[in-house]
Amino acid sequence: MSDDKNIEKPKVSARRSALKAGLKLGGLAAAGTAGSGAIIKSAVAADQSKPDPLITEIQDWNRYMGDGVDSNPYGLPSKFESEVVRRDVAWLTADAKSSVNFTPLHALDGIITPNGLCFERHHGGVAQIAPSDHRLMINGLVDHPLVFTMEDIARFPRENHTYFLECAANSGMEWRGAQLNGCQFTHGMVHNVVYTGVKLKHLLDEAGVKARGKWLLPEGADPAHMTRSIPIEKALDDCLVAFKMNGEALRPEQGYPLRLVVPGWEGNMWVKWLRRFEVGDQPWHHREETSKYTDLLADGRARRFTWEMDVKSVITNPSPQAPIMHGKGRTVITGLAWSGHGTIKRVDVSTDGGRNWVTARLDGPSFSKSVHRFYYDFDWDGRDMYLQSRAIDNHGNIQPTKNALRLARGENSIYHNNGIQTWHVRGDGSAENVEIS
Ligand code: MTE
Ligand code: CO
């Protein structure tokens, strides 16, 4: 598999001067053989022949005492990470209360989205609810209508699951062509969190769903009174009523103190500030935004009940907000892949706009209906790249091209755009959102 021509041994002069400066390069050359089969050049870019004051001189942070243990009772990221924040696109919505911001995917790694960086989508702003004042009601076609306090809910058996939440409108601006310049904006309406909660089935069993009860209407306690119709099979299958995210209480933005988790299904159904479930015998079309959460086809008909989020992926680095800074040579491409149907089996990466594909390396836990992290480690020759990723899930679903999606659904859609994204990476490492036909 390894081709001798591609092996570049670490330069002897570099190694020698590095040793002089007291730096050990142990294992670097060996580590370079990891990855997708390619042999990788040295990753050390600095000029090793000159003394580097950052290594030869003692710096302030190495000399003076730092802050003590109580300076940050609830810890914050380093001040040097201040650019890593959720961002909105001002012109997308009329005001900030019925709006959306985006997860900075290009600045993250692994599979977990830190709580403070989970994108937010609200229709009536963030409700502030004391847990002691919060109630969850189950009514409608049940034997015993019930009202639960937060304490009641925590007495049911708890479970932990890692799931992605993707808004159906994620990548919606890209239906008609490349639009927003950064994966934060094109793909950042997704987050991936470990939820702690109880199976909705336990609560419904306690209330006793009548045989005629086929649909569920969850309702939020926010001013938007958010509601959606959910088939009872899904509710009894894997839905959770969650109160913790990544170990701590839900953030107010994510529905504190209680939210519905609908694994693999579009984010709109994951009702936040969850206060009520009504059990009915049919969907509540008249009450919800059915006209919004459908996909308008070219012939004027609409796709409805498109709840499952299809297989999708995006390269997060490099991308327009995260150019390649180190020039050609050893390079790591990384990104995320997910499917509402299950796990990700394989991700392919192309550097030439989809003509040739190589299999990326999946790393990290592979949970069903969770994002997966992939890497492609290779030697960049410094030439322009048209970077794409293509995910395949465990059911054999393959992420389509944007043009294939348009052929199937026309150009009127906003929702459920899982098409393949292209970044044009120039020789200087900068990247741009483009489409190639
Ligand atoms: N739940 C309530 N109560 N109110 C809302 O506005 N927005 C929905 C859903 N649940 C919403 C809600 C939409 S459209 C999405 S995409 C997700 O919440 C976003 O969840 P997040 O804010 O945790 O990212
Ligand atoms: Co949404």
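To keep things clear, this report deals only with the structure shown in the data block. Bear in mind the structure is a predicted one, so any value in this text is a computation, not a measurement. (Residues numbered from 1 in each chain as written. Chains lettered and ligands numbered in written order. Predicted model: local features only at pLDDT ≥ 70, side-chain atom pairs only at ≥ 80, totals over all residues. Heavy atoms only, no water.)

1. Some words on the overall build of the chain
- Helix and strand content of the chain: eight helices and 23 strands.
- When burial is assessed residue by residue, the chain has 48% of its 437 residues classed as buried.
- Sequence separation of 24 or more characterises 72% of the internal contacts of the chain that already satisfy a separation of 6 or more.
- For the chain, the accessible area works out to roughly 21500 Å², and carbon and sulfur atoms hold 52% of it. (Helix = DSSP H or I, 4+ residues; strand = E, 2+ residues; numbered from the N terminus. Buried < 20%, exposed > 50% of the residue type's maximum accessible area, 1.4 Å probe, protein only. Contact = heavy atoms within 4.5 Å. Areas by Shrake-Rupley, 256 points an atom, 1.4 Å probe, with all protein chains shown as cover.)

2. Concerning unusual backbone geometry
- Between Tyr256 and the following residue, Pro257, the backbone shows a cis peptide bond with an omega angle of 10 degrees.
- Position of Pro257 relative to the elements: it lies in the loop between strand S10 (248-249) and strand S11 (259-261).
- Geometrically, the link from Asn317 to Pro318 is a cis peptide bond, its omega value of 0 degrees lying close to zero.
- Relative to the assigned elements, Pro318 resides in the loop between strand S15 (312-317) and strand S16 (329-338).
- Its identity is not glycine, yet Trp273 carries a phi of approximately 50 degrees, on the positive side.

3. Quick look at the sheet that holds strand S22 (residues 422-425)
- Strands sit in the order S18-S17-S21-S22-S23 across an open sheet of five strands; the sheet is antiparallel. The sheet is open, and its two edges are formed by strand S18 (358-359) and strand S23 (431-434), each paired on a single side. (Pairing = 2+ DSSP bridges.)

4. Considering the site of ligand 1
- Neighbouring residues of ligand 1: 21 residues in total, closest Phe119, His123, Asp222, Arg259 and Lys272.
- The backbone of Arg121 places a nitrogen or oxygen atom 3.0 Å from an oxygen atom of ligand 1.
- Here Lys272 contributes a side-chain N or O atom positioned 2.4 Å from an oxygen atom of ligand 1.
- When the free accessible area of ligand 1 is taken as 530 Å², the share hidden by the protein chains comes to 100%.
- Split into classes, the residues belonging to the shell around ligand 1 amount to eight nonpolar, seven polar and six charged. (Near = heavy atom within 4 Å. Polar contact = N/O pair within 3.5 Å; in protein donor to acceptor, adjacent residues only side chain to side chain. Nonpolar A, V, L, I, M, F, W, Y, C, P; charged D, E, K, R; others polar.)

5. With respect to the nonpolar core
- With 53 residues, the main nonpolar core has Ile138, Leu200, Leu216, Val241 and Phe277 as its most contacted residues.
- At five residues, the largest contribution of residues to this core is made by strand S9 (residues 240-245). (Core = buried A, V, L, I, M, F, W, Y, C linked by side-chain atoms within 4.5 Å.)

6. Looking at the pairing of S22
- Alternating residues of S22 divide into Thr422 and His424 and Trp423 and Val425, and every residue in both groups is buried.
- Bridge count between strand S21 (residues 385-393) and S22: four bridges; the pairing is antiparallel. Along S22, the bridge assignment pairs Tyr386 with His424.
- Pairing geometry for S22 and S23, over four bridges, is antiparallel. In the sheet register, Thr422 faces S23, and the bridge partner there is Val434.
- Counted between consecutive antiparallel strands, the loop separating S22 from S23 contains five residues, among which Gly429 sits at a positive phi close to 95 degrees.

7. Points about the pattern of salt bridges
- For the structure shown, the criterion picks out 24 salt bridges.
- Close ionic contact of Arg373 with Asp109 constitutes a salt bridge, the shortest N to O distance being 3.5 Å. Of the two residues, Arg373 sits in strand S20 (residues 372-380) while Asp109 sits in the loop between strand S1 (99-100) and strand S2 (121-122), which places them 264 residues apart along the sequence.
- Asp109 gets classed as partly exposed once you look at its relative accessible area, which sits at 45%.
- For Glu166, the salt bridge identified is with Lys312, shortest N-O distance 2.8 Å. Here Glu166, found in strand S5 (residues 158-166), pairs with Lys312, found in strand S15; they are 146 residues apart in sequence, far enough to count as distant. Pair check on accessibility: Glu166 and Lys312 agree, each one buried.
- Linked through salt bridges whose partners overlap, the residues forming this network are Glu219, Arg275, Arg276 and Glu278. (Salt bridge = Lys/Arg side-chain N within 4 Å of Asp/Glu carboxyl O.)

8. Some points on the sheet that holds strand S7 (residues 215-220)
- The five strands lie next to each other as S4-S3-S12-S7-S8, forming an open sheet whose pairing is mixed. A single partner strand is all that each edge strand has here, and the edge strands are strand S4 (146-149) and strand S8 (230-231).
- Pairing of S7 with strand S12 (residues 274-280) involves six bridges; the strand directions are antiparallel. Note on S12: the bridge partner recorded for Trp215 is Gly280.
- Running over the sheet, helix H6 (residues 200-207) touches strand S3 (135-140), S4, S7 and S12 and is turned about 55 degrees from S3. (Axes fitted to C-alpha atoms, helices over the stretch in contact; angles between N-to-C directions.)

9. A closer look at the packing of aromatic side chains
- Per the counting criterion, the structure on display carries seven aromatic pairs.
- Relative to Trp338, the ring of Phe164 has its centre 6.3 Å away and its plane inclined at 55 degrees; by these criteria the two rings are tilted. Pair noted here: Phe164 is in strand S5 and Trp338 is in strand S16, with a separation of 174 residues, a long-range link. Of the two residues examined, Phe164 and Trp338, each falls in the buried class.
- Summarising the aromatic geometry, the rings of Tyr195 and Trp270 are spaced 5.8 Å apart at their centres and angled 55 degrees between planes, so their arrangement reads as tilted. (Phe/Tyr/Trp six-rings, centres within 6.5 Å; stacked < 30°, edge-to-face > 60°.)

10. Thoughts on the environment of Met245
- Along the chain, the position of Met245 falls in strand S9.
- The contacts of Met245, once residues within four sequence positions are left out, are Asn115, Cys118, Val193, Val194, Leu250, Arg251 and Gln254.

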